[in-house]
Amino acid sequence: MSGESRIARFLRARKQSDMVKVQLAFFLAGCCFTFFLAAAVITFYRESTGFAEYVLQGTGEGVGNIFERTEVKAAGRQKETSVQLDILGEVMTFDCVELPFEYIKAVYKVTENSAMTVFYVNQTAFDTVGRMWTKRFGTVFEADAVYPEYLTEYGEEGTAKLVLLSQIADSGEPFVCRAADNIRLADADQIRVWMKKQDFNEGMQKWFRGIGLEMKDRESMQIWELKEEISLLRVKYELFAAALCFAAAGALRKYGRRDYFID
């Protein structure tokens, strides 16, 4: 049996010994948990780094100093309103955020500003329109071929086009925005900023408060922090599970019948 290969010895032992089967089960489980660990680390990295948008409330005199911070990559005043889109008789109402085009261009990677009124939508809002269109007309909705009539809550109306924002993180909630000029946004009391998540720390929030700005929706921030904590817990769990499985497999190899295992 001295000429028997290590793989052949292991396969023979696997058939003869329950201990080898248990060792193999722990080893394979450890490999699975290692795979899950890698996925959890990637998810945690994506959720805790990268860029995010934050909406701040306030009209402090120091708002103009916001670009003094290199952490702020883009910022612009915003107004929240609503818009009705009439698509061949089917009317849908969306909340709409009005922003400077420079902000839309920098953050959402829009290449050009159209002379026509444009509503920029995320995938969720686009799919909402698409489902309505398919249910009503039985075909796939094509934004380039359909131009809805629109009516804003302050009475503006006309014809518009929809543009899908492919670069925006989709939270699962419809997001619609449009460009507005400085005159329209002059009295806005909200500021939307775009910066790295790890830079929006307690020190940065304190600095914002110092210039008269507070988080508009602190609950959303708390939800994001909770998701980050859950992702970190998942990393720790997968790491512990993988280590436990490999330790158990190693212990069985060390204290079991050694001739059954691969040297």
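Everything below is about the structure shown above.
Chemist: Sorry, what's going on with the overall build of the chain here?
Modeler: Assigned secondary structure in the chain consists of 7 helices and 9 strands. When the 263 residues of the chain are sorted by exposure, 38% land in the buried category. By sequence separation, contacts in the chain at least 24 residues apart represent 75% of the contacts at least 6 residues apart. Accessible surface, the chain: about 15,600 Å² in total, of which carbon and sulfur atoms supply 56%.

Chemist: Any chance you could explain the nonpolar core here in plain terms?
Modeler: Looking at soluble globular proteins, one finds that nonpolar side chains tend to be buried together. Core analysis: the biggest nonpolar cluster contains 20 residues, and Phe94, Phe119, Val129, Phe141 and Leu162 have the highest contact counts within it. Mapped by element, the contributors of at least two residues to this core are β2 (72–87), β3 (90–99), β4 (117–121), α4 (123–137) and β6 (157–164). When residues in this core are grouped by element, the largest group, 5 residues, is from α4. Discounting residues that sit within four places of it in the chain, phenylalanine 94 has contacts with Thr81, Ser82, Val83, Leu85, Ala125, Thr128, Val129, Pro174 and Val176. Tyr103, Val118, Cys177 and Trp194 belong to the second largest nonpolar core, which has 16 residues in total.

Chemist: Looking at this structure, how should I read helix α3 (residues 101–108)?
Modeler: Among the residues of α3, those classed as buried are Phe101, Tyr103, Ile104, Val107 and Tyr108. The arc that holds every buried residue of α3, seen down its axis, measures 155°, which confines them to one face. Where α3 is buried, its residues meet β1 (51–57), β2, β3, β4, β7 (176–179) and β8 (190–196). Among the residues trailing α3, lysine 109 stands out with phi positive, at a value near 60°.

Chemist: So what exactly am I meant to see when it comes to the environment of tryptophan 194 here?
Modeler: With respect to the helices and strands, the residue tryptophan 194 is situated in strand β8. With a relative accessible area of 16%, tryptophan 194 lands in the buried category. Expressed as a C-alpha distance, the spacing of tryptophan 194 and glutamate 71, which sit 123 residues apart in the sequence, is 8.8 Å. Every residue in contact with tryptophan 194, bar those within four places of it in the chain, is listed here: Phe51, Ala52, Glu53, Glu71, Val72, Lys73, Ala74, Tyr103, Ala106, Val107 and Lys109.

Thresholds applied
Residues numbered from 1 in each chain as written. Predicted model: local features only at pLDDT ≥ 70, side-chain atom pairs only at ≥ 80, totals over all residues. Heavy atoms only, no water. Helix = DSSP H or I, 4+ residues; strand = E, 2+ residues; numbered from the N terminus. Buried < 20%, exposed > 50% of the residue type's maximum accessible area, 1.4 Å probe, protein only. Contact = heavy atoms within 4.5 Å. Areas by Shrake-Rupley, 256 points an atom, 1.4 Å probe, with all protein chains shown as cover. Core = buried A, V, L, I, M, F, W, Y, C linked by side-chain atoms within 4.5 Å. Arc of directions from axis to C-beta.

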